[in-house]
Structure formats: C-alpha cells, structure tokens
Amino acid sequence: TCALPIYRGCTDAMARVLGGWTTMLAGLFVRVWGVACWFTRNTEGVIGGKRLMTEEGPYPYTRNPRYLGNFLMGLGAFIVLAIGAAIIWISKEDI
C-alpha cells in the first residue's frame, strides 16, 4: 500500500523517494530565497548608529534560512539514501 493517495500504483519506497526529493527541493528553495534576499538587501547593517535587520524574504520566519535550507536538503537526502541502504542490505542478505 502507498502512503500517497494521489497515485494508487506506487509502493512505499516510491512514496519515500518522492517525499525525500520534495524535502530536498523545499530546502533548496529556502536556501536560494535566503541567498537572493541577502544579495539584494543587506540583512544586517548599521545606519545612523542603529543596528537594522531585514524583515523581508524568509528572514521574518527564520534568522538563517541557509541553515534551514541545508537541514531540509540533508533530511531529504537521508530519507532517499536510507531507502537505498535498506534495499542494498536486504538484497545482500538474500545472496
């Protein structure tokens, strides 16, 4: 049975791979969005003796979107690679 009700012919491994890739792409999006905002607007600066921080882009939600993006990409890779490691371990045991 599949955890995704969208496609009835998928297996649990296919659902996990799809979930892992989706998590990695979400992490990539958060990271690119944060870097783009960092280059276009200074995220931290001093103007007139006052320290200012941006409140645009992903920065109101997380103080460091690059770390969050890296975490999500790593989590997605772990989900995908854990499936591959389990398949290799099972097939090696069958030999």
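Above this note sits the structure.
Description of the structure in this document. Fair warning: this is a prediction, and the values are worked out from it, not measured in the lab.

The rules behind the values
Residues numbered from 1 in each chain as written. Predicted model: local features only at pLDDT ≥ 70, side-chain atom pairs only at ≥ 80, totals over all residues. Heavy atoms only, no water. Helix = DSSP H or I, 4+ residues; strand = E, 2+ residues; numbered from the N terminus. Buried < 20%, exposed > 50% of the residue type's maximum accessible area, 1.4 Å probe, protein only. Contact = heavy atoms within 4.5 Å. Patch = residues over 30% accessible without salt bridge, like charges linked within 9 Å, V, L, I, M, F, W, Y side chains within 5 Å. Areas by Shrake-Rupley, 256 points an atom, 1.4 Å probe, with all protein chains shown as cover. Salt bridge = Lys/Arg side-chain N within 4 Å of Asp/Glu carboxyl O.

Below, the discussion takes up the overall build of the chain. Summing up its helical and strand segments, the chain has 2 helices and 2 strands in all. The N-to-C order of helical and strand elements in the chain reads α-β-β-α. For the chain, the proportion of its 95 residues judged to be buried stands at 21%. By sequence separation, contacts in the chain at least 24 residues apart represent 54% of the contacts at least 6 residues apart.

Further remarks concern the environment of Pro-58. Structurally, Pro-58 can be placed in the loop between strand 2 (50-53) and helix 2 (65-94). Classification of Pro-58 by relative accessible area gives buried; the value is 3%. The spatial distance from the C-alpha of Pro-58 to the C-alpha of Trp-38 is 10.0 Å, given a sequence separation of 20 residues. Not counting the four nearest positions on each side in its chain, Pro-58 is found in contact with Trp-33, Gly-34, Cys-37 and Pro-65.

Here we take up a nonpolar patch on the surface. A cluster of nonpolar residues, Leu-68, Phe-71, Leu-75 and Phe-78, forms a patch on the protein surface that exposes about 410 Å² of accessible area. Along the chain, Leu-75 falls in helix 2. What makes Leu-75 partly exposed here is its relative accessible area of 34%.

The topology assignment puts Val-35 in helix 1 (residues 12-40). The exposure class of Val-35 is partly exposed, given its relative accessible area of 23%. Through-space distance from the C-alpha of Val-35 to that of Pro-65 is 8.2 Å; in sequence the pair is 30 residues apart.

Inspection of the secondary structure assignment puts Thr-23 in helix 1. Excluding residues that lie within four positions of it along the chain, Thr-23 makes contacts with Leu-72, Leu-75 and Gly-76.

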